[in-house]
Amino acid sequence: DAKTTQPPSMDCAEGRAANLPCNHSTISGNEYVYWYRQIHSQGPQYIIHGLKNNETNEMASLIITEDRKSSTLILPHATLRDTAVYYCIVGLSNYQLIWGAGTKLIIKP
Amino acid sequence: GAGVSQSPRYKVAKRGQDVALRCDPISGHVSLFWYQQALGQGPEFLTYFQNEAQLDKSGLPSDRFFAERPEGSVSTLKIQRTQQEDSAVYLCASSDLTRIDRRTRYEQYFGPGTRLTVT
């Protein structure tokens, strides 16, 4: 079973920030939080990952709560091309990640 | 640069046929993963290679599934006597655990997948 809980779907207006929540209440101390996305008919694409500290890269920001039981992926200025299924995954390394069903994010013009 | 490629992109097989799915990882990537993705679900881990060694095959659903990576680069996933429940997208991913850069060490690069339909 997936170790994370995500809403099945979300909408966001184009140009606004998209905030995707993820609960991982059973995360252990040395497990990372990974985010991938999958655009329709393509393979998944890595976005970002973190352990304890918040992380930012050119694609997104990852905010992890102090107790590490939840996190939020932030796409600062969503575009139509960000429409995809977003997966939040918890694992010890990038080996044998257990994926859930993800959040289908729809960006609306 | 070239990413992960998979072939064929689409495969239709009659029940009972054997199929072979090919994955060409990014050159030099040590790790290679196979996943099965059913419609509307996230990918499910099948097996993991480090170079030519198959370190984990715990996700293979039955002994009809077999994967190999004989020279540590190209990998083949073979399914014998296909069943309808084998219909899915089969994804291959590679990563380079030797990279010092933190992001690239932990990032899996996925191919486009092979959609297998068993009729």
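Preceding block: the structure.
Since we're looking at a predicted model, the values are computed, not measured. Note that residues are indexed from 1 along each chain, following the sequence as it is written. A letter from A marks each chain and a number from 1 marks each ligand, given out in the order of writing. The predicted nature of this model means local features are confined to residues of pLDDT at least 70 and side-chain atom pairs, given and counted, to a pLDDT of 80 or more, with totals for whole chains, interfaces and linings taken over all residues. Water and hydrogen atoms were dropped before computing side-chain values, which therefore reflect all heavy atoms in the structure.

Draft legend 1. Up close: the interface of chain A and chain B. The partner chain B presents 24 residues to the 22 residues of chain A that form the contact. With both chains or domains summed, chain A and chain B bury close to 1,800 Å², and 48% of this area falls on carbon and sulfur atoms. What qualifies as a polar contact is a pair of N or O atoms within 3.5 Å, subject to a donor-acceptor requirement within protein and to the restriction that residues adjacent in sequence count only when both atoms come from side chains. Where chain A packs against chain B, one counts four residue pairs in polar contact (both at pLDDT 80 or more). Elements represented by at least two residues in the side of chain A that touches chain B include exactly strand E3 (32-38) and strand E4 (45-50) of chain A. Of the residues forming the side of chain A that touches chain B, the biggest block, four residues, is contributed by E3(A). Classification convention: Asp, Glu, Lys, Arg as charged; Ala, Val, Leu, Ile, Met, Phe, Trp, Tyr, Cys, Pro as nonpolar; all other residues, Gly among them, as polar. Tallied by class, the residues present in the side of chain A that touches chain B amount to ten nonpolar, ten polar and two charged. The contact criterion used is simple: two residues touch if any of their non-hydrogen atoms lie within 4.5 Å. By buried area we mean how much accessible surface two parts lose on assembly, using a 1.4 Å probe and totalling the loss over both. We count a stretch as a helix when DSSP gives it H or I for four or more residues in a row; a strand needs E for two or more, and each element gets its number in order from the N terminus.

Draft legend 2. Expanded view of unusual backbone geometry. All names here are of chain B. Each neighbour pair has its own omega, and for Ser 7 with Pro 8 the value is -10 degrees, a cis peptide bond. If you check the backbone angles, Asn 51 has positive phi at about 55 degrees while not being a glycine. Mapped onto the elements, Asn 51 comes out in the loop between strand E5 (44-50) and strand E6 (53-56). Phi is positive for Arg 81, close to 45 degrees, though the residue is something other than glycine. One can find Arg 81 in the loop between strand E8 (75-79) and strand E9 (88-95).

Draft legend 3. Just the state of the cysteines, in detail. Residues and elements named next belong to chain A. Pairs of cysteine sulfur atoms within 2.5 Å are what we label disulfides. Applying the stated criterion across every chain, the model contains two disulfides over all chains. Each sulfur of the disulfide joining Cys 22 and Cys 88 lies 2.1 Å from the other. As the torsion about the S-S bond is roughly -80 degrees, the Cys 22-Cys 88 disulfide counts as left-handed. Highlighted residues: Cys 22 in strand E2 (residues 18-23) and Cys 88 in strand E8 (residues 84-91), separated in sequence by 66 residues. Think of it in three bands: residues with accessible area under 20% of the maximum for their type are buried, residues over 50% are exposed, and the middle band is partly exposed, with areas taken using a 1.4 Å probe on protein chains only. Take Cys 22: its relative accessible area is 2%, and that puts it in the buried class.

Draft legend 4. Summary view of the environment of Leu21(B). All names here are of chain B. Within the element layout of this structure, Leu 21 appears in strand E3 (residues 19-24). Exposure remark for Leu 21: the relative accessible area of 1% places this residue in the buried category. Taking the C-alpha atoms as reference, Leu 21 lies 8.3 Å from Tyr 90; in sequence the two are 69 residues apart. When sequence neighbours within four positions are dropped, the list of residues in contact with Leu 21 reads Ser 7, Pro 8, Trp 34, Ser 75, Thr 76, Leu 77, Tyr 90 and Thr 114.

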